[in-house]
Amino acid sequence: MIKFYLILGICTMTIISAKPITCPNYTQNYPYTDEQIINYLNELKKEYFSHEPEFVQTKIKLKDYRNKAYYLATKPNLVGNLFRKKKRSKKNKTTYIINRSIYFKYCGPGPLAMKAILLHELKHLYDYYLWNKGKTILFGLKYLLSKKFHMAYEKRTDCFSLKANPEFQKGLAQYRKWVVEMIRLNAKNPLKKIKAKNTIYYSEAELKDPHFNCKE
Ligand SMILES: [Zn+2]
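Presented here is an overview of the structure given in this document. Everything quoted here is computed from the prediction, not taken from an experiment.

Within the protein, the regular secondary structure consists of 10 helices and 3 strands. Listing each helix as α and each strand as β along the protein from the N terminus yields α-α-α-β-β-α-β-α-α-α-α-α-α. Counting only residues that meet the buried cut, the protein has 25% of its 216 residues in that class.

Before going further, it helps to spend a moment on the pairing of strand β3 (residues 95–101). With 7 bridges joining them, strand β1 (residues 59–65) and β3 adopt parallel strand pairing. Residue pairing across strands places lysine 59 opposite threonine 95, the latter belonging to β3. Pairing between strand β2 (residues 72–76) and β3: 5 bridges, direction antiparallel. Paired with leucine 72 across the two strands is arginine 100, which belongs to β3.

Attention now moves to the sheet that holds β1. Strands sit in the order β1-β3-β2 across an open sheet of 3 strands; the sheet is mixed. The open sheet terminates on both sides in strands that have one partner only, identified here as β1 and β2. The sheet shows a mean angle of 25° between the axes of neighbouring strands, taken without regard to direction.

A separate point is the packing of helix α5 (residues 111–130) against helix α7 (residues 147–164). In contact at an axis separation of 8 Å, α5 and α7 are set at 125° when each is read in the N-to-C sense. Between α5 and α7, the interaxial angle falls into the category oblique. Regarding α5 and α7, the two cross each other, and that crossing is right-handed. Facing α5, whose interface residues are Ala116, Leu119, His120, Lys123 and His124, α7 presents Thr157, Asp158, Phe160, Ser161 and Ala164. Looking at the contact of α5 with α7 residue by residue, the classes come out as 4 nonpolar, 4 polar and 2 charged.

Further remarks concern the packing of α5 against helix α8 (residues 168–186). Direction vectors running N to C along α5 and α8 enclose 95°, while the axes themselves pass 7 Å from each other. With respect to each other, α5 and α8 are oriented roughly perpendicular. Across the interface between the two elements, Leu112, Ala113, Lys115, Ala116, Ile117 and Leu119 of α5 pack against Phe168, Lys170, Gly171, Leu172, Gln174, Tyr175 and Trp178 of α8.

Rules used in this analysis
- Residues numbered from 1 in each chain as written.
- Predicted model: local features only at pLDDT ≥ 70, side-chain atom pairs only at ≥ 80, totals over all residues.
- Helix = DSSP H or I, 4+ residues; strand = E, 2+ residues; numbered from the N terminus.
- Buried ≥ 20, exposed ≤ 12 C-beta atoms within 10 Å, placed from the backbone.
- Pairing = 2+ DSSP bridges.
- Axes fitted to C-alpha atoms, helices over the stretch in contact; angles between N-to-C directions.
- Parallel < 35°, antiparallel > 145°, perpendicular 65-115°, else oblique.
- Left-handed = near helix turned anticlockwise from the far one by under 90°.
- Contact = placed C-beta atoms within 7 Å.
- Nonpolar A, V, L, I, M, F, W, Y, C, P; charged D, E, K, R; others polar.

Printed below as a string of structure tokens:
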């Protein structure tokens, strides 16, 4: 009986705290399934990382998470690798994880925006693939502690996507527009969060500027 009340309590709390998400109008047509995102990732890997066949074969898992300001994140499977049997220690057995927002299931950005940002995320995974564990951990610390490092690294990663395909300049601008709209419609303290986004990453306005150039 106690268990029943506990479950009932948790369900009620979840219902109360799970506020409905507001989507920008045009995104209603773009709910993404995991399968679609994995297909995009595999296509992009083949197209832009063919020089590294082992990386093309690495497995990528998607995990859902809920955050109204961060919609995509990547992480190396450090714990999984730590416990992996030596026999299976080849790089191509490594699984990388993309934490993708649950909100893509309700309203994602358009396909060009999605591909441009997924290539940005793939570049992060490629970096983890090239780095050893020590370098990855050191990188994580610098990324967390230094805003300057964080900003330079993210802009460099944007530039990888932009140089790979000139169309992605439009796609990345659409993605940043989507992020700003999602924050404005759904997050607490939206102005502060939007300002932080526009500092760390190239903003929609920067990407739409005809004189835009990657500062690397
Ligand atoms: Zn990034």
